[in-house]
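Residue-level structure breakdown
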Amino acid sequence: DLTQEEVDSEVVSLNAEIETFNAAKLSEPAQLSISPANLAFEDTNVDECTELSLTISNEGGSPLEVTEITVPEGVCAVVTSATIAAGESETITITFAPTEGIVYNGDISISSNVGDETIAVSGEGLQVALGIDDEMANAIKLYPNPAEDYLKVNYGSLTFAGKVSILISGVD
């Protein structure tokens, strides 16, 4: 059995070790970590939005100062700067909002007091056709006519840039 004096001495010794550990940890620099390693957005209609999350973590012992987050065309970040305490993280919403029916590729750059990091970001904007013009109506052939269990679409001589999706509605 320990005496009260021995217990008190052990407590003082442990407290000193904790203070030494905390002081050593605080003297470590901030350490920037980003996940995921890249962002790949699903195909998104023009003038619509898709969101993904990006987590910025500080695995070091000092505060991490994120001074700027820059994004490429078609992408935006709600937060563009932050202070992240040691051992903490911040999740940022990244939004893909294509304005054209094209493939978007670029980098998200994160600048901080410990350097810069980049991650790749990509997505495809899909242009939505709101109707069929006369040229398309004359070139597209649907058969058999009348259709029963299936319908085939022949584009004829039409060519398309990018992906084509056909929505058939009003069929019972």
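Cut-offs applied
Along each chain, the written sequence defines residue order, and numbers are assigned to residues from 1. Local features in this predicted model are restricted to residues of pLDDT 70 or higher, and side-chain atom pairs are both shown and tallied only at a pLDDT of 80 or more, whereas totals for entire chains, interfaces and linings draw on every residue. Calculation of side-chain values draws on the structure's entire complement of heavy atoms; hydrogens and water are dropped beforehand. To qualify as a helix, a DSSP run of H or I must reach at least 4 residues; to qualify as a strand, a run of E must reach at least 2; elements of each kind are numbered from the N terminus. Each residue is assigned to one of three classes by its accessible area relative to the maximum for its type, calculated with a 1.4 Å probe on protein chains only: buried under 20%, partly exposed between the two thresholds, exposed over 50%. Counted as a polar contact is a pair of N or O atoms within 3.5 Å, where, for protein atoms, one must be capable of donating a hydrogen and the other of accepting one, and residues adjacent in sequence contribute only when both atoms are in side chains. Contacts between residues were defined by any pair of non-hydrogen atoms, one from each residue, lying within 4.5 Å. Each pair of aromatic rings taken from Phe, Tyr and Trp, with Trp reduced to its six-membered ring, is defined by centres within 6.5 Å and is described as stacked if the planes are under 30 degrees apart, edge-to-face if over 60, and tilted in the remaining cases. Grouping into patches uses exposed residues only, defined as over 30% relative accessible area, and leaves out salt-bridged ones; the cut-off is 9 Å for like charges and 5 Å for nonpolar side chains (Val, Leu, Ile, Met, Phe, Trp, Tyr). Under the convention used here, a 1.4 Å probe and the Shrake-Rupley method define accessible areas, while residue burial counts only the protein chains that appear. Each salt bridge in this description consists of a side-chain nitrogen of Lys or Arg and a carboxyl oxygen of Asp or Glu lying within 4 Å of one another. One requirement defines pairing of two strands: DSSP has to find at least two bridges between them. Angles run from 0 to 180 degrees between N-to-C directions of axes, and those axes are lines fitted to C-alpha atoms, restricted for helices to the stretch in contact. Cavities and pockets were defined on a 1 Å grid built from protein atoms only: a cavity is a group of points that admits a 1.4 Å probe but offers it no way out, a pocket is an open group of points flanked by protein on both sides within 12 Å along at least five of seven lines, and a lining residue is one with an atom within 4 Å of any such point. Grid points are joined across faces, edges and corners, and a volume is the space filled by probe spheres set on the points. Classification used: nonpolar for Ala, Val, Leu, Ile, Met, Phe, Trp, Tyr, Cys and Pro, charged for Asp, Glu, Lys and Arg, polar for all others including Gly.

The subject of this paragraph is the side chain of Ser-112. Considering the arrangement of structural elements, one finds Ser-112 in strand E9 (residues 103–112). A relative accessible area of 11% places Ser-112 in the buried class. Within the local environment of Ser-112, its side chain forms a polar contact with the backbone oxygen of Gly-115, the two atoms lying 2.8 Å apart. Setting aside its immediate chain neighbours within four residues, Ser-112 contacts Leu-32, Leu-64, Glu-65, Val-66 and Thr-67.

For the rest of this paragraph, the subject is the packing of aromatic side chains. Within the structure shown, the criterion is met by two aromatic pairs. On the numbers, 5.4 Å between centres and 75 degrees between planes, the contact of Phe-96 with Tyr-104 is edge-to-face. For Tyr-104, a relative accessible area of 7% translates into the label buried. An aromatic cluster is present here, built from Phe-41, Phe-96 and Tyr-104 joined pairwise through their rings.

A surface patch of nonpolar side chains, amounting to about 250 Å² of accessible area, comprises Leu-2, Val-7 and Val-11. Judged by its relative accessible area of 59%, Leu-2 is exposed.

What holds strands together in a sheet is hydrogen bonding between their backbones, with the strands either parallel or antiparallel. Taken in spatial order, the four strands make up an open sheet running E1-E4-E8-E6, and their pairing is antiparallel. Pairing within the sheet leaves two strands with one partner each, and these edge strands are strand E1 (32–35) and strand E6 (75–77). Each adjacent strand pair in this sheet contributes to an overall mean axis angle of 25 degrees, direction not counted. Summarising the sheet, strand E4 (residues 50–58) and strand E8 (residues 89–96) pair through eight bridges and their orientation is antiparallel. Note that in E8 the partner of Glu-51 across the bridge is Thr-95.

On inspection of all chains with the given rule, the structure shows one cavity of 30 Å³ or more. The volume enclosed by the largest cavity comes to roughly 40 Å³. Considering the residues around the largest cavity, the lining is formed by Pro-72, Glu-73, Val-75, Phe-96, Tyr-104, Asn-105, Gly-106, Val-121, Ser-122 and Gly-123. Secondary-structure elements contributing two or more residues to the lining of the largest cavity are E9 and strand E10 (115–126). Of the residues assigned to the lining of the largest cavity, the class counts are five nonpolar, four polar and one charged.

Any functional reading would require information beyond the geometric quantities listed.
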